[in-house]
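Spelled out from the first residue to the last, the chains are:
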Number of protein chains: 2
Amino acid sequence: MSRLQTELSEQPVALARLLERQRERAVEIGALFRRADVDYVLIASRGSSSNAARYAQYLLGRAHRVPVVFATPSLYTLYEQPPRLSGALVIGISQSGESPDVGAVVEEARRQGRPTIALTNEPASPLGRAAEAVLPLEAGEERAVAATKTYLNSLGAIALLFAASTGDDGAHAELERMPEAVTAQLERSAVDLARLETLAPIEGGTVVARGVNYGTAYEIALKVRELSGLLFEAYSAADLMHGPVAAVAPGWPVIAVAPSGPALESMAGAIRAVAARGARLTVIADDAALLDQAELPLPLLPGVPEWLSPLVAVLPGQLVALRLAELRGADVDSPGGLSKVTLTR
Amino acid sequence: MSRLQTELSEQPVALARLLERQRERAVEIGALFRRADVDYVLIASRGSSSNAARYAQYLLGRAHRVPVVFATPSLYTLYEQPPRLSGALVIGISQSGESPDVGAVVEEARRQGRPTIALTNEPASPLGRAAEAVLPLEAGEERAVAATKTYLNSLGAIALLFAASTGDDGAHAELERMPEAVTAQLERSAVDLARLETLAPIEGGTVVARGVNYGTAYEIALKVRELSGLLFEAYSAADLMHGPVAAVAPGWPVIAVAPSGPALESMAGAIRAVAARGARLTVIADDAALLDQAELPLPLLPGVPEWLSPLVAVLPGQLVALRLAELRGADVDSPGGLSKVTLTR
């Protein structure tokens, strides 16, 4: 079995470990969000961590009713003109904690006396040391280049911060059912995926989502791209309609990530639009009517609340990425020229 | 001549008109940025306007030393959970001023008593009416679906706001030389582009930039994609290295946008990385050493300061987009199934 496959299947255990060990810490860290001088949350991240950051953008935005937005690292590094960070709570997300640009944003915030939080799998890393508070991801060692369990646990850490902020035991109870839901979803999707062979071979594809699963689309596209070198890309359903849909030609694969919730109608519109252009549809959803429109339906098991749906919706995508890479004979543990830790300034 | 070609060649005149008519207004609006209660700038936009917004992110970030960040419109519309906007100055950018999601963010900010600015070509539009202050783009009527002169004038409006903020006549003098620089660049690139036929036919490509030209990469990719339906995508040089470079296979076209400035070294690294993977390189740059590495060098004329380079660096990209579409026999005024105004919630 490849390391990637091992790590992918360790996700329920890794998530359970995070929830068990870090619940109290998340409550402590959650208090930083309620500081009277916090008007917005600024996140620095790269790669898979940026996709997790998009989840934070929706979830923490809804929890605290403040904008959760992305930093522009090159202003801190290349341009050496860091902004004033009055009003900001700054979060750095990096599994390795090594990327200098992510660290630079957190260091600058610390220097300015702003509250800082690191979400990292390596609390002793430069990022972990730079931040005032650290929420360890508890994913265990991850050796495959493509992030799986560190990604899922980044989402888990964000969900813990959300649950802590609501002060509501209901949210925690929902979150604690997720390791079991992840296990069940991995098993179910592995069965559904047997039909993937009929979709391959392909040259690339477009992944579409919106709202709380916006980052899920990016993570699935990145995973397919990293593992197989296929040209996958991601769009929000809204951005896709502002021009980029022009490149969706007859036969082009589109993966729609559409769990039930406020974004469903917008997603149904995007699915109609790409279907009208002759796209070949894979649909990750729990809604029977949407699944019926897919050449490859990948059902989500019922019972997961919308706010937690990104923790399961990414799983069929990870399996698609793994299987496409295997079908192309790629080395999934060390895909084409990538390294586990990328040091960008 | 197509409408698109006409509008593309009207850009110097449209830019000159904006600079002449709106300089005073930009100074008035610029004062909003200096309000003591403004800790950050929040921008709502879609499509080409989002690419202009990335220019604002760097330029206004450097001018005012505050984070300039992007709103998450679906929290205002689909989720109906708009955040508290204390500390925010809110800018909506939309050439038509019609997109409901962009309008929703500005309306909410106005309701909360925050300062709001609209950059729009239609001051009487819903967005124009919603904002406290309007900076008209003065691009004249734009009828081709793909934005050219409204995009350039969105950059021009942002540059005007930057120049106003510096209170420095030097910046204004540099900006006022840009209509002439745009004319010269369009002429020069039209000549260089004769060699494009040797690059076509292609299936798609990746556009890479960083720093102040990050949005230029997105705009060039969007323009090619809209006009020809080719699968073009954009990445920052840093994000590309965190995984997505895996899909850059031998022979894959890469357009690097690399004017001299603080981002040049990072771009040179990305160019080395994609060249090592066998990419076919188009380089938009003024640096002779970088241009020498390109199969299709598209030189930028000297004398444009880095902060204004996005106003000229996009031009060879627009011409590439137009020419690729012509070579594919596409209708450049009404490309495949797109409409001029897209109404997303």
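Keep in mind that what you see is a predicted model, and the values were worked out from it rather than measured.

1. Quick word on the nonpolar core
Line of reasoning, step 1. With 213 residues, the main nonpolar core has Tyr55 and Leu119 of chain A together with Tyr55 and Leu119 of chain B as its most contacted residues.
Line of reasoning, step 2. Of all hydrophobic cores here, the second largest spans 50 residues; its members include Leu240, Ala256, Met267 and Ala268 of chain A.

2. Things to note about the interface of chain A and chain B
Line of reasoning, step 1. If you look at the interface, chain A gives 66 residues, while chain B gives 66 residues.
Line of reasoning, step 2. Note on chain A versus chain B: buried area summed over both sides is about 5300 Å², and carbon and sulfur give 54% of it.
Line of reasoning, step 3. Considering only the side of chain A, the residues that lose the most area to chain B are Tyr79, Arg225 and His242 of chain A, jointly responsible for 14% of the buried surface there.
Line of reasoning, step 4. Across the chain A-chain B interface, the total number found is six salt bridges.

3. Looking at the sheet that holds strand S7 (residues 231-236) of chain A
All names here are of chain A.
Line of reasoning, step 1. Sheet architecture is open: five strands sit in the order S7-S6-S8-S9-S10, paired in parallel fashion. With partners counted over all chains shown, the strands left at the sheet margins are S7 and strand S10 (296-299), one partner each. Taken pair by pair, the neighbouring strands of this sheet meet at an average axis angle of 15°, ignoring direction.
Line of reasoning, step 2. Two elements, strand S6 (residues 204-209) and S7, share six bridges in a ladder whose sense is parallel.

4. As for the sheet that holds strand S10 (residues 296-299) of chain B
Residue and element names in this part refer to chain B.
Line of reasoning, step 1. Ordered by their spatial adjacency, five strands build an open sheet running S7-S6-S8-S9-S10, and the pairing between neighbours is parallel. With partners counted over all chains shown, the strands left at the sheet margins are strand S7 (231-236) and S10, one partner each. Pairwise comparison of adjacent strand axes, ignoring direction, gives a mean angle of 15° for this sheet.
Line of reasoning, step 2. Of the strands in this sheet, strand S8 (253-257), strand S9 (280-285) and S10 touch helix H14 (residues 309-327), which is tilted by about 140° from S9.

5. Digging into the relation of the copies chain A and chain B
Line of reasoning, step 1. The two copies are related by a screw operation: chain A maps onto chain B through 180° of rotation and 0.0 Å of translation along the axis, at an RMSD of 0.0 Å. Such values leave the two copies arranged in the relation of a two-fold axis. Minimal C-alpha distance to the rotation axis in chain A is attained by Val69 of chain A, lying at 3.0 Å.

So, how was this worked out
Residues numbered from 1 in each chain as written. Chains lettered and ligands numbered in written order. Predicted model: local features only at pLDDT ≥ 70, side-chain atom pairs only at ≥ 80, totals over all residues. Heavy atoms only, no water. Core = buried A, V, L, I, M, F, W, Y, C linked by side-chain atoms within 4.5 Å. Buried < 20%, exposed > 50% of the residue type's maximum accessible area, 1.4 Å probe, protein only. Contact = heavy atoms within 4.5 Å. Buried area = accessible area lost by both parts, 1.4 Å probe. Salt bridge = Lys/Arg side-chain N within 4 Å of Asp/Glu carboxyl O. Pairing = 2+ DSSP bridges. Helix = DSSP H or I, 4+ residues; strand = E, 2+ residues; numbered from the N terminus. Axes fitted to C-alpha atoms, helices over the stretch in contact; angles between N-to-C directions. Least-squares fit on C-alpha atoms with pLDDT ≥ 70 in both.

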